[in-house]
Amino acid sequence: MKVEIDSFSGFRIYPSKGRLFVRGDSKVFRFSTSKNESLFLQRKNPRKIAWTQAYRRMHKKGITEEVAKKRSRKTVKHQRGIVGADLAAIAARRNQSTQERLSARTAAIQKAKADKKAKEDKKEKTKPQRTAPSAPKVSKAQMKGSKGGR
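Residues numbered from 1 in each chain as written. Predicted model: local features only at pLDDT ≥ 70, side-chain atom pairs only at ≥ 80, totals over all residues. Heavy atoms only, no water.

*Asks:* Explain the overall build of the protein to me, please; I cannot follow it from the model alone.
*Replies:* Each helix and strand counted, the protein has five helices and four strands in total. Starting at the N terminus and walking to the C terminus, you meet the elements of the protein as β-β-β-β-α-α-α-α-α. Across the 150 residues of the protein, 8% fall into the buried class. Only carbon and sulfur atoms are counted for the fraction: they give 53% of the accessible area of the protein, which is about 14,800 Å². (Helix = DSSP H or I, 4+ residues; strand = E, 2+ residues; numbered from the N terminus. Buried < 20%, exposed > 50% of the residue type's maximum accessible area, 1.4 Å probe, protein only. Areas by Shrake-Rupley, 256 points an atom, 1.4 Å probe, with all protein chains shown as cover.)

Here's what the structure looks like:
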């Protein structure tokens with residue numbers, strides 16, 4: 001026995017019951033009662049009519065099997081090392097006092113400045129002294145023999 005489903009209400013339609021409506025684009029709609037057919041032809045939305053299956057499904061009515069609530073997992077925080085610093089280094093830095101951190105920072109800045117100064121001094125010693133060019137400067141256009149924009 002083939003049982004059809006009502007296109008509007010979602011109810012079952014048993015053999016020899018109901019009506020068939022074929023739209024212009026050849027889509028078939030089945031209705032169990034004239035009430036369902038009339039509401040469909042008035043273009044009513046079955047999701048807004050309380051007694052239809054579409055409404056009940058949308059508003060989660062009559063679902064007795066799924067009484068147990070879904071359990072949500074609690075997020076667990078993990079400590080991980082960052083690139084360039086392992087977990088122990090991060091913990092040590094976190095436990096440092098502000099005074100220690102400030103002194104370490106100033107020492108690092110002083111060291112960086114000293115390194116930069118040493119590098120500059122070395123660069124100046126190795127750079128050869130340039131002599132002034134003897135020939136006057138000539139642009140590429142003049143070298144090719146152009147008339148200079150005329």
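*Asks:* I tried to follow the pairing of strand E3 (residues 19-22) on my own but got confused; where do I start?
*Replies:* The side chains of a regular strand alternate, residue by residue, between the two faces of the sheet. In the sheet, E3 pairs with strand E4 (residues 28-31) via four bridges, with the strands oriented antiparallel. Looking at the pairing, Val-22 lines up with Val-28 of E4. Here E3 folds back onto E4, and the loop between the two strands holds five residues, one of which, Ser-26, carries a positive phi near 70°. (Pairing = 2+ DSSP bridges.)

*Asks:* I tried to follow the packing of aromatic side chains on my own but got confused; where do I start?
*Replies:* Given two aromatic rings, one states the distance between the centres and the angle between the planes to describe the pair. By the definition in use, this model includes six aromatic pairs. When the centroid spacing of 6.2 Å and the interplanar angle of 35° are considered together, the rings of Phe-21 and Phe-29 count as tilted. When the ring of Phe-31 is compared with that of Phe-40, the centres are 5.0 Å apart and the planes differ by 50°; the resulting orientation is tilted. Here a set of aromatic residues connected by ring pairs shows up, and it is made of Phe-21, Phe-29, Phe-31 and Phe-40. A cation over an aromatic ring shows up here: Lys-35 above the ring of Trp-51, its NZ or CZ 4.2 Å from the ring centre. (Phe/Tyr/Trp six-rings, centres within 6.5 Å; stacked < 30°, edge-to-face > 60°. Lys NZ or Arg CZ within 6 Å of the ring centre and 35° of its normal.)

Purely geometric stuff here, so don't read any function into it on its own.
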